[in-house]
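# Structural characterization, general
Listed here are the chains, written in short residue letters.
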Amino acid sequence: MNKCILFLTGISFFTSNAQSLMVHYEEKANIENQLKHVTDPQIRKNVSAHLSQPRNFILYYKDGISLYLQDNELIKVSGLSLEEMGNTRKANIDQNSGGLYKNHKTGEYVSEADIFGKKFLVIDRMKKYDWILTNEEKKIATYKVKKASAMINGENITAWYTEELPIKEGPEDYYGLPGLIIEVSTNNKTYIAVDSSTVDPKFNITKPSQGEPISKEKYDKLVNETINRLKQQGMGKPPGN
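Below: a short report on this structure. Computed from a predicted structure; not experimentally measured.

Thresholds, definitions, all that
Residues numbered from 1 in each chain as written. Predicted model: local features only at pLDDT ≥ 70, side-chain atom pairs only at ≥ 80, totals over all residues. Heavy atoms only, no water. Helix = DSSP H or I, 4+ residues; strand = E, 2+ residues; numbered from the N terminus. Buried < 20%, exposed > 50% of the residue type's maximum accessible area, 1.4 Å probe, protein only. Areas by Shrake-Rupley, 256 points an atom, 1.4 Å probe, with all protein chains shown as cover. Pairing = 2+ DSSP bridges. Core = buried A, V, L, I, M, F, W, Y, C linked by side-chain atoms within 4.5 Å. Contact = heavy atoms within 4.5 Å. Salt bridge = Lys/Arg side-chain N within 4 Å of Asp/Glu carboxyl O.

### Comments concerning the overall build of the chain
- Along the backbone of the chain there are four helices and 15 strands.
- Here the chain, with 241 residues, has 43% of them falling under the buried criterion.
- For the chain, the computed accessible surface area is about 13100 Å², with 49% contributed by carbon and sulfur atoms.

### Notes on the pairing of strand E7 (residues 100-103)
- The two faces of E7 match: Leu100 and Lys102 on one face and Tyr101 and Asn103 on the other face are all buried.
- Note: strand E3 (residues 65-70) against E7, four bridges, orientation antiparallel. Bridging across to E7, Leu67 finds its partner in Tyr101.
- Judged from the three bridges that link them, E7 and strand E8 (residues 108-115) form a sheet pairing that is antiparallel. Paired with Leu100 across the two strands is Ser111, which belongs to E8.
- Counting the residues between successive antiparallel strands, the hairpin from E7 to E8 contains four residues, one of them, Gly107, with a positive phi of roughly 85°.

### Here's the deal with the nonpolar core
- Within the largest apolar cluster, 33 residues are counted, with the highest numbers of intra-cluster contacts made by Trp131 and Ile181.
- If you list the elements that add at least two residues to this core, you get strand E1 (20-29), strand E2 (55-62), strand E11 (143-152), strand E12 (155-162), strand E13 (180-185) and strand E14 (189-198).
- Residue contacts for Ile181: discarding those within four places in its chain leaves Tyr25, Trp131, Ala159, Trp160, Tyr161, Glu169, Gly170, Pro171, Tyr174 and Tyr175.
- Core analysis: the next-biggest nonpolar cluster, separate from the first, contains 12 residues, Ile65, Leu67, Leu69 and Tyr101 among them.

### Remarks on the environment of Ala193
- For Ala193, the location among the structural elements is in strand E14.
- In this structure Ala193 comes out as buried when scored by relative accessible area, which is 4%.
- Separated by 136 residues in the primary sequence, Ala193 and Phe57 place their C-alpha atoms 9.4 Å from one another.

### What to know about unusual backbone geometry
- The phi torsion at Phe116 lies on the positive side, around 50°, for a residue other than glycine.
- Mapped onto the fold, Phe116 is located in the loop between E8 and strand E9 (118-125).
- Non-glycine residue Asn153 carries a positive phi angle of around 50°.
- The topology assignment puts Asn153 in the loop between E11 and E12.
- Using a relative accessible area of 52% as the deciding quantity, one classes Asn153 as exposed.

### Focus: the pattern of salt bridges
- On inspection of all chains with the given rule, the structure shows 10 salt bridges.
- Here Glu27 and Arg55 are joined by a salt bridge, their closest N and O atoms 3.1 Å apart. Residue Glu27 is found in strand E1, and its partner Arg55 is found in strand E2; the two are separated by 28 residues along the sequence.
- With a shortest N-O distance of 3.6 Å, Lys147 and Glu136 are connected by a salt bridge. Of this pair, Lys147 sits in strand E11 while Glu136 is found in strand E10 (residues 132-140), placing the two residues 11 residues apart along the sequence.

Encoded structure:
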């Protein structure tokens, strides 16, 4: 696997025909947005320190199929395994522990998640977003990117994509633009691609399969009920999730 650090070297080996790649995204918290209703100085200090650490994710893509997962989670690539570095997984609410799988050919949307250690297999269909494309452009590293916006999951989302990589993918739940999403901002988070590489075209993406099957609608409802119960108990959702 020959890695080319696109955003550090400014050199791109991708062509318009590239169909197999790996993109490393950083997820950063929009701290002020998340703390705007928090007035206690000590809580603000503690939460700010926690949220200031970016989380790293990898998007694997091949011929219309992708898997987006936290760096060092488990994935099969050309018979090799990239495994998590720690011996245990931290149990969180609404954590995609086994990756988010999207299949643009079949419309499948599958993710492994857990709620305090109980594993679920969340199953849904990919949605068609009503992206509003604009003529606004800028440069991110070596790429000319264009601006788009949409209402997704009740939030106003702003994305920057490049047609130089005509792959309709991006981080997390964001996809469907005429090119790879390089940066996307939500109310609470910003995702940005920091490096990428070509991968062996023989590699295969494994669809998540572990956990109790549940629809995304029911899973989201369960997450919200759990968060509300914790708030009533004075705990609350772990920051950054």
